[in-house]
Amino acid sequence: MPPFSAAAQEIDRVAADLLLCLPALHRAMDRRISQDFSHPKPPEAQLALLWHVRAHEGVTVREAAEALMMKPNNVSALVSQLTQQGELERRQDATDKRVAHLCLTETARERIAQVEQLMSHHLVSALKALTDGERAALGAATGALESLSRHLRAAQG
């Protein structure tokens, strides 16, 4: 058996393609949103925290750090920055005063909703430009990409 089987070569090719394609897709969407959004774009780590808090309202700093695979002290610093900017609120736990639950402010909710509308508009426009086969392939690939993400997260421990 040759040292590199056809299956291994295919895996290497897919990995290389993903490493090029996914960041390019992210940058393209980021640039489109930046052109249309009237507010300055927060740094990636702040955005990740805001999106996570939106999906998991009331999350603690420790829980957010675990989910985002960040150190709790780094998430705590992000929370301080976002609190000062009026994007996040800390709400003290009713039973343990040392624990704070994170919640988005109304300003943050409105901005996230605006960004989601822009993203949806740009994605729908781009998807309409694709062939039926390309759209079907992307639809089929989303489940595989989610699975790939779970495997990468699990491997990190």
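Note that the structure is a prediction, hence the values are computed from the model and not measured.

Student: Help me out: how do you make sense of the overall build of the protein chain in this one?
Tutor: In terms of helices and strands, the protein chain carries 6 helices and 2 strands. Its C-alpha radius of gyration of 19 Å places the protein chain more than 25% over the 15 Å reference for a compact globule of 157 residues. If one aligns the C-alpha atoms of the protein chain with their principal axes, the spans along those axes are about 60 × 40 × 20 Å. Expressed as a percentage of its 157 residues, the buried residues of the protein chain come to 18%.

Student: What is the right way to look at the packing of helix H2 (residues 44-55) against helix H3 (residues 61-68) in this model?
Tutor: Helix-helix packing: each pair is described by the crossing angle between the helix axes and the interaxial distance. H3 packs onto H2 with a crossing angle of 115° between their chain directions and a minimal axis gap of 11 Å. Comparing the axis directions of H2 and H3 gives the class roughly perpendicular. When you trace H2 past H3, the crossing you get is right-handed. For the pair H2 and H3, the contacting residues are Ala48, Leu49 and His52 in the first and Ala64, Ala67 and Leu68 in the second. Grouping the amino acids of the contact of H2 with H3 by side-chain chemistry returns 5 nonpolar, 1 polar and no charged.

Student: Please clarify how unusual backbone geometry should be interpreted in this entry.
Tutor: Across residues other than glycine, the phi torsion is negative in most instances, and most of the peptide bonds are trans. Within the chain, Met69 stands out as a residue other than glycine whose phi angle is a positive 55°. Among the secondary structure elements, Met69 is positioned in the loop between H3 and helix H4 (72-84).

Student: I would appreciate a short explanation of helix H5 (residues 106-128) in the present structure.
Tutor: Because each turn of an α-helix spans 3.6 residues, side chains separated by three or four positions end up pointing in the same direction. Its 23 residues give H5 an end-to-end C-alpha distance of 33 Å, which sits within 8% of 33 Å, the value for a rise of 1.5 Å per residue. Residues of H5 that are buried: Ala108, Ile112, Val115, Leu118 and His122. Considering only its buried residues, H5 is in contact with helix H1 (6-36), H2 and strand S2 (100-104).

Student: In this structure, what is going on with the pattern of salt bridges? I would like to understand it.
Tutor: Side-chain pairs of opposite charge can arise whenever the charged atoms involved come near each other. Scanning the entire structure with this criterion turns up 10 salt bridges. Glu10 is the salt-bridge partner of Arg13, the closest N and O atoms lying 2.7 Å from each other. In this pair, Arg13 and Glu10 both sit in helix H1, 3 residues apart, roughly one turn of the helix. For the salt bridge of Glu87 with Arg111, the shortest nitrogen-to-oxygen distance reads 3.0 Å. Here Arg111 lies in helix H5 and Glu87 lies in the loop between H4 and strand S1 (88-92), a separation of 24 residues in the sequence. Using a relative accessible area of 8% as the deciding quantity, one classes Glu87 as buried. Shared partners join several salt bridges into a network, and the residues in it are Glu10, Arg13 and Asp17.

Student: Just checking my understanding: could you explain H3 for this structure?
Tutor: All buried positions along H3 are accounted for by Val61, Ala64 and Ala65. Burial along H3 is one-sided: seen end-on, the buried residues are contained in an arc of 100°. Structural note: H3 exposes Arg62 and Glu66 on the side pointing more than 90 degrees away from its buried face. If you follow the buried residues of H3, they end up packed against H2, H4 and S2. Downstream of H3 by one or two residues, Met69 has phi in the positive range, about 55°.

Student: Just checking my understanding: could you explain the side chain of Asp93 for this structure?
Tutor: Here Asp93 lies in the loop between S1 and S2. Within the buried set, Asp93 has no salt-bridge partner at all; the shortest N-O distance to an opposite charge, 7.1 Å, is to Lys97. Of the polar contacts made by the side chain of Asp93, one reaches the backbone nitrogen of Asp96; its length is 2.9 Å. A distance of 2.6 Å separates the side chain of Asp93 from the side chain of His101, its partner in a polar contact. Setting aside chain neighbours within four positions, we find Asp93 in contact with Val99 and His101.

About the cut-offs
- Residues numbered from 1 in each chain as written.
- Predicted model: local features only at pLDDT ≥ 70, side-chain atom pairs only at ≥ 80, totals over all residues.
- Heavy atoms only, no water.
- Helix = DSSP H or I, 4+ residues; strand = E, 2+ residues; numbered from the N terminus.
- Rg over C-alpha atoms; globule rule 2.2 N^0.38 Å.
- Buried < 20%, exposed > 50% of the residue type's maximum accessible area, 1.4 Å probe, protein only.
- Axes fitted to C-alpha atoms, helices over the stretch in contact; angles between N-to-C directions.
- Parallel < 35°, antiparallel > 145°, perpendicular 65-115°, else oblique.
- Left-handed = near helix turned anticlockwise from the far one by under 90°.
- Contact = heavy atoms within 4.5 Å.
- Nonpolar A, V, L, I, M, F, W, Y, C, P; charged D, E, K, R; others polar.
- Expected span 1.5 Å × (residues − 1).
- Salt bridge = Lys/Arg side-chain N within 4 Å of Asp/Glu carboxyl O.
- Arc of directions from axis to C-beta.
- Lys, Arg positive; Asp, Glu negative; His and termini not counted.
- Polar contact = N/O pair within 3.5 Å; in protein donor to acceptor, adjacent residues only side chain to side chain.

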